[in-house]
Amino acid sequence: MTWVTAVAGLRARREPGVLVTVATVRGHAPRKAGAKLVVGRTGTWGSIGGGNVEAVAIDRARELIAASAAEPEMLDFALNDKVTNRHGVQCCGGTVSVLLEPLPVVRAVAVFGVGHVGMELARVLARQDLDLHLIDSRAEVLAEERLAALADAVARIRVHHTPLLPEEVIEQLPDGTHVLIMTHDHAEDAALCDAALRAPHLGTIGLIGSAAKWARFRTRLLTEGGHDEAAVDRIKTPIGLPGITGKEPATIAVSVAADLLRTFEKEAA
């Protein structure tokens, strides 16, 4: 398996990893600069030459994974018999620098409702490195020709057509998914709010709509839904930056996306 395939596999399985690269070599060493190794929680793919260099790199990579580290770092090795190594002697005679680059699990966002605002929001979020789930009960808004605008997306896009119960998708979403609810039907929105509150694995929950809409929803969630106030307060509404008041779909989309990116930065901090 190539290192590119290994990295793609980690992303597809939503597993963290570290990409290890021989950055510089002086003198004799087991591998040339550019050799790569991919380290996951339990597996490795590729090689940077074996021996102490590779073993130490794997140990450190797994420490970075356990700490959810985001910053890359360098490790320097002297390959001679005068150096005390953790995993045995390597006396090739050269020196090696190894770059460790964390490969965190990318964020996931689910947009329920791909109408005018939802589509504009998808266009903005598609430029980010994330898993983007687009869910709608209407087949026509998920038609291939309509979503062609997302063909050059950086994000990995997953489309869910749910003609009957869009809320069933919530259980399929990966841990930490940020949910944005903006369907064409207030009944769907209400059902999605209720289902999202029953899913502790989700990240933030946002709902588009007016204060009057939220007042009705909040009462129903507290009474018919049986949720307590702390749970209901997980839902943020209105969504978007408060200082942006434009009503055009593209304006709302930019505002919502900016607010979400700000949430990502707070999480990282």
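Given the structure is predicted, the values throughout are model-derived calculations rather than measurements.

Conventions we followed
- Residues numbered from 1 in each chain as written.
- Predicted model: local features only at pLDDT ≥ 70, side-chain atom pairs only at ≥ 80, totals over all residues.
- Heavy atoms only, no water.
- Core = buried A, V, L, I, M, F, W, Y, C linked by side-chain atoms within 4.5 Å.
- Buried < 20%, exposed > 50% of the residue type's maximum accessible area, 1.4 Å probe, protein only.
- Helix = DSSP H or I, 4+ residues; strand = E, 2+ residues; numbered from the N terminus.
- Contact = heavy atoms within 4.5 Å.
- Salt bridge = Lys/Arg side-chain N within 4 Å of Asp/Glu carboxyl O.
- Phe/Tyr/Trp six-rings, centres within 6.5 Å; stacked < 30°, edge-to-face > 60°.
- Lys NZ or Arg CZ within 6 Å of the ring centre and 35° of its normal.
- Pairing = 2+ DSSP bridges.
- Axes fitted to C-alpha atoms, helices over the stretch in contact; angles between N-to-C directions.
- Polar contact = N/O pair within 3.5 Å; in protein donor to acceptor, adjacent residues only side chain to side chain.

Observations concerning the nonpolar core
Among the nonpolar cores identified, the biggest contains 26 residues, and V109, V111, L121, L125, L132, L134 and L180 are the most heavily contacted of them. Of all the elements in the fold, those that place two or more residues in this core are β6 (107–112), α3 (116–125), β7 (130–136) and α7 (249–268). For this core, the element with the highest residue contribution is α7, accounting for six residues. Ignoring anything within four residues of it in the chain, the contact list for L125 reads V109, V111, L130, L132, A155, A257 and L260.

Side note on the pattern of salt bridges
Taken as a whole and assessed by the stated rule, the structure comprises 17 salt bridges. Across the salt bridge formed by R11 and D129, the nearest N and O atoms sit 2.5 Å from each other. Taken together, the residues R11 in helix α1 (residues 3–12) and D129 in the loop between α3 and β7 connect sequence positions 118 residues apart. Residue classification places D129 among the partly exposed residues on the basis of a relative accessible area of 47%. Among the salt bridges present, the one from R14 reaches D131, with a minimum N-O distance of 2.6 Å. Separated by 117 residues along the polypeptide, R14 in the loop between α1 and β1 (17–26) and D131 in strand β7 bring together distant segments of the chain. Judged by its relative accessible area of 22%, R14 is partly exposed. On the basis of relative accessibility, which here comes to 2%, the residue D131 falls in the buried class. Linked by salt bridges that have partners in common, R11, R14, D129 and D131 make up one network.

So, the packing of aromatic side chains
By the definition in use, this model includes zero aromatic pairs. The residue whose ring lies beneath K36 is W3, and the NZ or CZ to ring-centre distance is 5.0 Å.

Regarding the sheet that holds strand β4 (residues 73–78)
The antiparallel open sheet is built from five strands, whose spatial order is β3-β2-β1-β5-β4. The strands lining the two open edges of the sheet, one partner per strand, are β3 (44–46) and β4. Averaged over all pairs of adjacent strands, the angle between strand axes in this sheet comes to 20°, irrespective of strand direction. Relative to β3, strand β2 (residues 36–40) is paired through three bridges, and the arrangement is antiparallel. Along β3, the bridge assignment pairs V38 with W45. Across the sheet, α1 is in contact with β1, β2, β3 and β5 (95–103); its angle to β2 comes to roughly 20°.

As for the side chain of T183
Structurally, T183 is set in the loop between β9 (178–181) and α4 (186–197). Its relative accessible area of 13% is what places T183 among the buried residues. In terms of polar contacts, T183 uses its side chain to reach the side chain of D189, at 2.7 Å. Excluding residues that lie within four positions of it along the chain, T183 makes contacts with F112, G113, E188, D189 and L192.

As for the sheet that holds β6
Across the sheet, which stays open at both edges, the six strands sit in the order β8-β7-β6-β9-β10-β11 with parallel pairing between neighbours. What marks the edges here is a single partner per strand, and that holds for β8 (156–161) and β11 (235–236). Of the strand pairs in this sheet, β7 and β8 are connected by six bridges, and their pairing is parallel. Of the residues in β8, the one forming a bridge with D131 is R156. The strands touched by α4 are β6, β9, β10 (205–207) and β11; relative to β10, the strand with the most contacts, the crossing angle is about 165°.

These figures come from the coordinates and say nothing about function on their own.
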